[in-house]
There are 2 protein chains.
Amino acid sequence: MQPIGPVNALYPMPTTLVGTTGNGKPNFLAVAHVGILNHGTPQYLSIGLHQSHYSNAGIHESRTFSICLPSEELMVQTDYCGIMTGKKTDKAALFDVFYGEVETAPMIRQCPVSMELKMHDVLHLGEHEIFVGELIQTWADDAVLADGKVDINALRPLLFDMASIQYWSLGQPVGNCWSAGKALKK
Amino acid sequence: MQPIGPVNALYPMPTTLVGTTGNGKPNFLAVAHVGILNHGTPQYLSIGLHQSHYSNAGIHESRTFSICLPSEELMVQTDYCGIMTGKKTDKAALFDVFYGEVETAPMIRQCPVSMELKMHDVLHLGEHEIFVGELIQTWADDAVLADGKVDINALRPLLFDMASIQYWSLGQPVGNCWSAGKALKK
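Residues numbered from 1 in each chain as written. Chains lettered and ligands numbered in written order. Predicted model: local features only at pLDDT ≥ 70, side-chain atom pairs only at ≥ 80, totals over all residues. Heavy atoms only, no water.

> Looking at this model, I keep getting lost on the pattern of salt bridges. Mind explaining?
A side chain of one charge can pair with a side chain of the opposite charge if their charged atoms are brought near each other. Residues and elements named next belong to chain B. Summed over all chains, the structure comprises 2 salt bridges over all chains. Linking Glu72 and Arg156 is a salt bridge whose minimum nitrogen-to-oxygen distance equals 3.0 Å. Of this pair, Glu72 sits in the loop between strand E7 (64-69) and helix H2 (75-83) while Arg156 sits in the loop between helix H3 (152-155) and strand E14 (159-161), and the two are 84 residues apart along the sequence. What makes Arg156 partly exposed here is its relative accessible area of 24%. (Salt bridge = Lys/Arg side-chain N within 4 Å of Asp/Glu carboxyl O. Helix = DSSP H or I, 4+ residues; strand = E, 2+ residues; numbered from the N terminus. Buried < 20%, exposed > 50% of the residue type's maximum accessible area, 1.4 Å probe, protein only.)

This is the structure we're talking about:
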């Protein structure tokens, strides 16, 4: 066991496409620095965006955004949304865009699941703005729903790891939560 | 595409063991509702804990905590730390506990990677306290280090999915970040 400096090793994280409206147009940014804050209703999620991104102004303006979950199949398009800027590129042109209850949170039909959020708060940490969103509605493709729940194995989420600078797939289930540990209760 | 209500689908998330000191003793709680807030130095990470947990008072008191990353092999012990409460159970007895620079953030030798943090802020969202920690030091087992970086494939992180209520393994690399998308730049 050795110290390696304050290296963030909290990976993998789900890679997402964050949808915003800026200057009246939809835009999407690849974001994997995300978080689940609480567990309940309302449900709050976070996305951490460097202040230099084009998307930030759109969230401040509309006070809404989406978090869309691309599958592995959408890796190339997702990565493109991470390396191109909405200042110069119409990234939304890659996708079939739709809207739900929050009229300024564009979502993507090619993503099996998309969530629309209202901005609840903004934290400022270093050069990043952390947008805390309240989850308003979740949209799912029939193909990834089983008994009304999202089947993560059908979704095939695109996972991100900073150390390898790679996208990773999801593996197999390895055990049941709130159950496997009962073996240690003597 | 259909609305399924405000269902949090931001999974999988890395399952962690959060180490705290409470009443002078180390304790560990399984937490998968975590977040990466910014990207830089200082690095900030979040953990979301229901206010009913025993661990919360320990973090408030010591203003420190750890985030330890169990591998798949530690699934049973990790799950046990999610279903038992530190009020009644000495969960630290399961592990070889060590300390680093932050003297009140217990870490676990059986976890390939552990991070020690100082409490930076607390958000109150519903019945949850979201502890924002500043990363101070990261400890890694030689077995998961390659060229000084954490090899996520060697780490074998334990991933959590709420819909299936299962732990999942990591799959394979599927592409390179900030590279795969270049194919769409004409």
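> What exactly am I supposed to notice about the relation of the copies chain A and chain B here?
Each of the two chain copies can be brought onto the other by rotation about an axis and movement along it. Its rotation angle being 180°, the transformation that places chain A on chain B also includes 0.0 Å of axial translation and leaves an RMSD of 0.0 Å. Such a turn and shift between the copies fits a two-fold axis. Most of the interface of chain A is mirrored in chain B, where 100% of its interface residues are also at the interface. (Least-squares fit on C-alpha atoms with pLDDT ≥ 70 in both. Contact = heavy atoms within 4.5 Å.)

> I keep staring at the environment of Leu94 of chain A and nothing clicks. Help me out?
With respect to the helices and strands, Leu94 of chain A occurs in the loop between helix H2 (75-83) and strand E8 (97-98). In this structure the C-alpha to C-alpha distance between Leu94 of chain A and Ile152 of chain A, which are 58 residues apart in sequence, comes to 24 Å. The residues touching Leu94 of chain A, leaving out its near neighbours within four places in the chain, are Gln77, Tyr80, Cys81 and Gln110 of chain A together with Leu184 of chain B.

> Help me out: how do you make sense of the packing of aromatic side chains in this one?
The description of an aromatic ring pair uses the distance of the two centres, along with the angle that the planes make with each other. A complete count under the given rule lists 8 aromatic pairs over all chains for this structure. Each residue in the set Tyr11 and Phe160 of chain A together with Trp178 of chain B is aromatic and connected to the rest through ring pairs, giving one cluster. (Phe/Tyr/Trp six-rings, centres within 6.5 Å; stacked < 30°, edge-to-face > 60°.)

> Just to check I follow, could you spell out the interface of chain A and chain B for this structure?
By a widespread convention, an interface's size corresponds to the accessible area lost as its parts come together. At the interface, 92 residues of chain A touch 92 residues of chain B. Put simply, chain A and chain B have 34 residue pairs in polar contact (both at pLDDT 80 or more) between them. Sorting elements by how many residues they give to the side of chain A that touches chain B places strand E15 (residues 166-176) of chain A first, with 11 residues. Classifying every residue of the side of chain A that touches chain B by side-chain character gives 58 nonpolar, 25 polar and 9 charged. As judged from the 2 bridges shared by strand E11 (residues 128-140) of chain A and strand E1 (residues 2-3) of chain B, these two strands associate in the antiparallel manner. By the bridge assignment for E1 of chain B, Trp139 of chain A is matched with Pro3 of chain B. (Polar contact = N/O pair within 3.5 Å; in protein donor to acceptor, adjacent residues only side chain to side chain. Nonpolar A, V, L, I, M, F, W, Y, C, P; charged D, E, K, R; others polar. Pairing = 2+ DSSP bridges.)

> Would you mind going over the sheet that holds strand E2 (residues 13-14) of chain B with me for this structure?
What links the strands of a sheet is backbone hydrogen bonding, and the strands pair in either a parallel or an antiparallel sense. Here we have 6 strands laid out as an open sheet, ordered E2(A)-E14(A)-E15(A)-E15(B)-E14(B)-E2(B), and antiparallel in their pairing. Edge positions in the sheet fall to strand E2 (13-14) of chain A together with E2 of chain B, since each has one partner strand and no second. The pairing of E14 of chain B with strand E15 (residues 166-176) of chain B spans 3 bridges and is classified as antiparallel. Bridge pairing links Phe160 of chain B to Tyr167 of chain B in E15 of chain B.

> Would you mind going over the pairing of E15 of chain B with me for this structure?
Taken residue by residue, a regular strand's side chains alternate between the two faces of the sheet. Pairing geometry for E15 of chain A and E15 of chain B, over 7 bridges, is antiparallel. Bridge pairing in E15 of chain B places Gln166 of chain A opposite Asn176 of chain B. Hairpin connection between E14 of chain B and E15 of chain B: a loop of 4 residues separates the two successive antiparallel strands, and Ile165 of chain B in this loop has a positive phi of roughly 55°.

> Hey, could you run me through the nonpolar core in this one?
Nonpolar side chains in soluble globular proteins generally cluster together in the buried interior. Counting 80 residues, the largest nonpolar core has Leu10, Ile47 and Ile67 of chain A together with Leu10, Ile47 and Ile67 of chain B as the members making the most contacts within it. Apart from the residues within four sequence positions on either side, Ile67 of chain B is in contact with Leu10 of chain A together with Thr16, Leu17, Leu45, Ile47, Val113, Ser114, Met115 and Leu117 of chain B. (Core = buried A, V, L, I, M, F, W, Y, C linked by side-chain atoms within 4.5 Å.)

> Explain the environment of Ala30 of chain B to me, please; I cannot follow it from the model alone.
Residue and element names in this part refer to chain B. Here Ala30 shows up in strand E4 (residues 25-31). By relative accessible area, Ala30 is classed as partly exposed at 23%. Distance from Ala30 to Thr16, taken between C-alpha atoms, is 5.7 Å for residues 14 residues apart in sequence.

> Just checking my understanding: could you explain helix H1 (residues 55-62) of chain B for this structure?
Because each turn of an α-helix spans 3.6 residues, side chains separated by three or four positions end up pointing in the same direction. Residue and element names in this part refer to chain B. Listed in full, the buried residues belonging to H1 are Ser55, Asn56, Gly58, Ile59 and Ser62. Taken end-on, H1 shows its buried residues confined to a sector of 165°, consistent with a single buried face. Where H1 is buried, its residues touch strand E3 (16-22), E4, strand E6 (44-50), E7, strand E10 (113-125) and strand E11 (128-140). Looking at the residues trailing H1, positive phi occurs at Arg63, about 55°. (Arc of directions from axis to C-beta.)

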